[in-house]
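Structural characterization, general
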Amino acid sequence: MRDLLVQRLTGYAPRKLEMNYPEAGILVPVTDDPGNPEMIFTLRSENLSTHRGQVAYPGGKRDPGDLSLAATALRETHEEIGLPPDQVEIISPLSQVMSLHGILVSPYVGVVPEGHPLEANPGEIDSIFRVPLSFFLEDRRERTDAIPFQNQTIHVPCYRWERYQIWGLSAVVLVDFLNAVYDADIDLLKPRT
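Throughout what follows, the structure given in this document is the object of discussion. Just so you know, these numbers come straight off a predicted model, no measurement behind them.

Definitions and cut-offs
Residues numbered from 1 in each chain as written. Predicted model: local features only at pLDDT ≥ 70, side-chain atom pairs only at ≥ 80, totals over all residues. Heavy atoms only, no water. Pairing = 2+ DSSP bridges. Helix = DSSP H or I, 4+ residues; strand = E, 2+ residues; numbered from the N terminus. Axes fitted to C-alpha atoms, helices over the stretch in contact; angles between N-to-C directions. Contact = heavy atoms within 4.5 Å. Salt bridge = Lys/Arg side-chain N within 4 Å of Asp/Glu carboxyl O. Buried < 20%, exposed > 50% of the residue type's maximum accessible area, 1.4 Å probe, protein only.

Focus: the sheet that holds strand β10 (residues 152–161)
- Overall, antiparallel pairing links the three strands, which are arranged β9-β10-β11 in an open sheet. At either margin of the open sheet sits one strand with a lone partner, and together these are β9 (143–149) and β11 (164–166). Ignoring strand direction, the axes of neighbouring strands in this sheet form an average angle of 30 degrees.
- As judged from the three bridges shared by β10 and β11, these two strands associate in the antiparallel manner. Bridging from a neighbouring strand, W161 pairs with Y164 of β11.
- Most of the contacts of helix α4 (residues 168–182) go to β10, to which it runs at about 95 degrees, and overall it touches β10 and β11.

As structure tokens, this is what we get:
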């Protein structure tokens, strides 16, 4: 899996948003299982002030001491799911996205050991789950949400995996990953027909 990610993301030019907003870094963790790579997601706690009860990638707001947004993603991932930074190989950034709460989010694709134990921080995370990448490549979305953003409408897929709904910002990042790595050709600017 690592080799495919390196091959496909080398030379990939992520979109940067020229906006002056608070920043966050998130990790897009992909397991190193060559036969059945999976993406790791979290379900955020119902006790949080923002995005409560929503599926998300591990990550969070940049702290003043973070040397980079990739460092933010690694620090927050360790805090949220117990995955140490030395167990993650950052491969590439993806395109920046803007959250509905006015946070400029920078995602980073990282390869993680398939069998490394993960533990949810109960103050932030209700559960951790994995989804095979093959599921997303079939594009079996539950619905498509039309979301206004900067004078246009973005058509964002919503995927259901077991009891979890992957939608909104997480789905936008996921689509960027699928398009960059697998040429999935999911166009967020066109409604799905």
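Concerning the pattern of salt bridges
- This model, assessed by the stated rule, comprises 14 salt bridges.
- Across the salt bridge formed by E79 and R75, the nearest N and O atoms sit 3.1 Å from each other. Taken together, the residues E79 and R75, both in helix α2 (residues 69–81) and four residues apart, mark about one turn of the helix.
- For E79, a relative accessible area of 37% puts it in the partly exposed group.
- Judged by relative accessible area, R75 falls into the buried class, the value being 19%.
- Each of D63, D66, R75, E76 and E79 takes part in salt bridges that share partners, so that together they form one network.

Nothing here speaks to function; it is geometry throughout.
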